[in-house]
Amino acid sequence: MNIQADRRELIETAKGKRKAKLFIKGGIVLNVYSGEMIKQNVAVLDDTIAYVGERENMIGNETTVIEASGKYISPGFIEVHAHPWVFYNPISMTEKVLPLGTTTSVNDNLFFYLHMGADGFKKMVQDLRQMPGNFFWLARLVSQADFEGEREWFDPEKVQQLLHLEEVLGTAEVTRWPLLYKGDPFLLDTMDTVQKIGKVVDGHTAGCSYEKLNSIVAAGVSACHEAITAQEALDRLRLGMWTTLRNSSLRPDLPEIIKILTEGKVNTSRLLMTTDGPHPSFIEKEGFVDGLLRQAVALGVPVMTALQMVTINAAAYLRLDDVIGGIAPGRRADLLILPDLVDFRPELVISGGEIVAEEGTLKADMPSINWNDYVVREPFAFSQSVLSDLTLYQYPHTDEEEAVPISYFRSNVITQRKEIQLLSVNGYADISSHEGLMQAALIDREGKWVSKAILERFAVTLDGMASTYNTTTELLVVGRNSSSMAKAASRVHEIGGGIVVVDGDDIVLEIPLPLTGMMTDDPSFDKASSYHEQLLEAVRKRGFPFHDILYTLLFLTCDFLPGLRLVPFGLYDVKKDEIVLEAEPGPLMQVNKA
C-alpha cells in the first residue's frame, strides 16, 4: 500500500513553502503513537498527511480549512476481520460503515472465491479499487466444510497468486484448525509462502486448548479472534498471537473478554478488536468499529487504549503501520473529526485526503458493479422440476426399533446428538407426532448428492424453508411439510439463490440473494437490513428460539463446530469424526439413472 503524494511536495508543505490541500485547524489530535491528546493542526497534501503541529503557514487561498476547535482528530478506524457477505455485499457494507468512521476493512474472500475462482475474484478486486476507503482481503486456503474437489478448487498455486495481490494482506482463518494441528502439508506449504512474502496468517482456534494452541502457533498462525473468555484471550496473548477481542451479533463477548484489560495488567500492543461479520440489524443498532469503542470505554477501558486497539495496533498487525493507523507526516490521510470520546460517532470522515462522509451521510461516489461479470459457477445444474420429488426431503428410516440420530440445537450454532424412536412410513421417518422436529436436506447445486438430517429446536411450526445462505452455499431445505419444503426449494431455484419461507402452499417470505446465494446485489445497506428483519421475524413466529438466524443457517452445514452437522458427505458427527448417514445420490443423478 503506497501513498500517492509526492515526497518532495510533502516536505515543502511541511515547511510551509507549499500550500496544503486540506487543513484541519485547532482540533485535539489523538496521538496513538505517544498516547497523548494534543491541540494541533493537521495539514494534508493530496492523499497524505504533510504536517502535524501548531503552524498555519501552509494555508492558501485554495486550501479547504476545517475548523475543529473543541473537537478531536482521530485516525480512521480499522476492522481487521470483516465478512462482507452477511446479506450485505462489499458495496453496501462500505456505504454503511465508512460514515461510521471505519476507513479500512480487511475482508474474508470465502464465498467470492467459491463462486468466482481465482480469475473472477482478481477481476472483482481490481474493480473494487474504485471504492472510497481501504478495502483489503484475506484469502482462504480451504472452505468451512470439506467437499469433493475442494483441494483442486483451492489449488495452492492459484491461492498463492492471490496472496501476491497488493489488496490481499494474507490468509484468512482456517476454521478447520485440526488440519493445522495435524500438520496438513496442503496448508503448510502455502503458509510458508505467506511468511516469505511478509503477509499475515489469520487464525480461528475455537475450542483449542492452550497445549494444542502451541502447535497452531508453531504452524505459523499469527492471530485469533475466537477467545470467549479473558483466560482464553490471555492464552493467545502469552503465545505471541495478535489477540482480537470480539463483539458480534453471534458472539457479543466483549463484556467478558475485555476483563483481560480491566481486571489484569497486560501489554496491550498486540490487542485488537473486531465485529466479526455481524448481521445487518446489529450494525444498525450497535454500529461497527465505532460501536466496539463505545462499549470498550463504557466497560472501563481507557479511551486511548481502546482507540489504539482499532488503529495503530491493527495497522501494525497488518504490517501497514507506516501508512495507516495514526496521525503523522507521511501517513495516509484517513482522519475523523469526533465531537466527543463517548459516542465515537464522527461528524466528518476523511479518507485518502477526501471528505467521504459528513454527519453520518456518505458523500463519496460508489462504483456501479455488475457482479455477474465475475461469477463462473451456475446457480443450479439441474432443472427446477426435479425438486418436486418429496422423497428428496425425507429422512430414510426402515427399522422402527432403531433410534434415529437427531441434531438438537443447544444454541444458535452448537448442536448435540440425541437419539429418538420414530415411526417409519414408506421407508422414511415420521416426525408428525413429535413437536419441534424438522426435516432437513442439503442438496448439491450440481445435483450430484443430497444429505439429510432431522433437527430439533430449530423451529416448531415451520412448514418449509429453503436457503442458499449457508457455509456450503448449496440448497438447504428445512421444514415439517415435504410439500412446503419442495415449493420453497423450487422457488429458490427459480430466483437463482436466496431464502424462501412457505406456509402450506403459500410463499410468505422471499429474499433473493443472487450474489453467490449469500448476498443481495443491491448497493443499499438498508435492503440487507430489511431482509434480515423480515427473516428473523418470520422464523421467530414459527418457533425459532434464538437471536441470530443467519449464523444458525450458516453453520448448520459446517464441519468444525460440535454436534451433528449436515455436510456434503452426509450427516456428520463432529466429535466422533464420522459420517452417521451418508449422502444419497442427488436429483441429477436420480434423473440420469432413470
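Residues numbered from 1 in each chain as written. Predicted model: local features only at pLDDT ≥ 70, side-chain atom pairs only at ≥ 80, totals over all residues. Heavy atoms only, no water.

Focus on the environment of Ala218
So, step 1. Summarising the element assignment, Ala218 is placed in helix α8 (residues 210–218).
So, step 2. When its relative accessible area of 67% is taken as the criterion, Ala218 is described as exposed.
So, step 3. Along the chain, Ala218 and Tyr181 lie 37 residues apart, while their C-alpha atoms are 9.2 Å from each other. (Helix = DSSP H or I, 4+ residues; strand = E, 2+ residues; numbered from the N terminus. Buried < 20%, exposed > 50% of the residue type's maximum accessible area, 1.4 Å probe, protein only.)

A word on empty space enclosed by the protein
So, step 1. Scanning the model with the defined rule gives five cavities of 30 Å³ or more in all.
So, step 2. Taken as a whole, the largest cavity encloses approximately 60 Å³ of empty space.
So, step 3. At the level of secondary structure, the elements contributing two or more residues to the lining of the largest cavity comprise α2 (90–97), β7 (102–108) and β8 (134–139).
So, step 4. Ranked by residues supplied to the lining of the largest cavity, first place goes to β7 with four residues.
So, step 5. A class-by-class count of the residues in the lining of the largest cavity yields four nonpolar, seven polar and no charged.
So, step 6. Around the second largest cavity sit Pro75, Gly76, Ile78, Thr103, Thr104, Ile324, Gly325, Gly326, Arg332 and Asp334, which together line it.
So, step 7. Of the residues belonging to the lining of the second largest cavity, the class tally is three nonpolar, five polar and two charged. (1 Å grid on protein atoms, 1.4 Å probe; cavity = no way out; pocket = protein on both sides within 12 Å on 5 of 7 lines; lining within 4 Å. Points joined across faces, edges and corners; volume = space filled by probe spheres on them. Nonpolar A, V, L, I, M, F, W, Y, C, P; charged D, E, K, R; others polar.)

Things to note about the layout of surface pockets
So, step 1. Of the pockets and cavities examined, the largest pocket occupies roughly 1,200 Å³.
So, step 2. In terms of lining, the largest pocket is formed by 49 residues, of which the most central are Thr175, Ala206, Phe560, Leu561 and Pro562.
So, step 3. Every element with two or more residues in the lining of the largest pocket is listed here: α6 (178–181) and α18 (549–556).
So, step 4. Classifying every residue of the lining of the largest pocket by side-chain character gives 21 nonpolar, 13 polar and 15 charged.
So, step 5. Two domains share the lining of the largest pocket, each providing at least three of its residues, namely domain 2 (77–324) and domain 3 (384–591). (Domains from an automatic or database assignment.)

Some thoughts on the domain arrangement of the chain
So, step 1. Assigned domains of the chain: these are domain 1 (1–74 + 333–363), domain 2 (77–324) and domain 3 (384–591).
So, step 2. Placing a centre on the C-alpha atoms of domain 1 and another on those of domain 3 gives a separation of 51 Å.

Looking at the UniProt feature "domain: Adenine deaminase C-terminal" (unreviewed entry) in the chain
So, step 1. As annotated by UniProt and renumbered to match this structure, "domain: Adenine deaminase C-terminal" (unreviewed entry) occupies residues 413–577.
So, step 2. Helix makes up 24% of residues 413–577 and strand 35%, with an end-to-end C-alpha separation of 18 Å. (UniProt positions renumbered as here; feature names shortened; annotations may be inferred.)

A closer look at unusual backbone geometry
So, step 1. Phi at Asp276 is positive, roughly 50°, even though this residue is not glycine.
So, step 2. Among the structural elements, Asp276 can be located in the loop between β13 (271–274) and α12 (280–286).
So, step 3. Accessibility expressed as a relative area gives 9% for Asp276, which makes it buried.
So, step 4. The phi dihedral of Arg457 falls on the positive side, at around 70°, and the residue is not glycine.
So, step 5. By secondary structure assignment, the location of Arg457 is in the loop between β23 (449–456) and β24 (464–467).
So, step 6. Classification of Arg457 as partly exposed rests on a relative accessible area of 33%.

Looking at the nonpolar core
Most often, soluble globular proteins keep nonpolar side chains buried together rather than apart.
So, step 1. Among the nonpolar cores identified, the biggest contains 147 residues, and Phe87, Phe458, Tyr469 and Leu535 are the most heavily contacted of them.
So, step 2. When residues in this core are grouped by element, the largest group, ten residues, is from helix α3 (residues 110–127).
So, step 3. Aside from chain neighbours lying at most four places away, what touches Phe458 is Phe409, Met465, Val478, Gly543, Phe544, Pro545, Ile549, Thr552 and Leu553.
So, step 4. The next biggest cluster of nonpolar side chains, apart from the first, holds 23 residues, and it includes Ala172, Tyr317, Leu318 and Ile324. (Core = buried A, V, L, I, M, F, W, Y, C linked by side-chain atoms within 4.5 Å. Contact = heavy atoms within 4.5 Å.)

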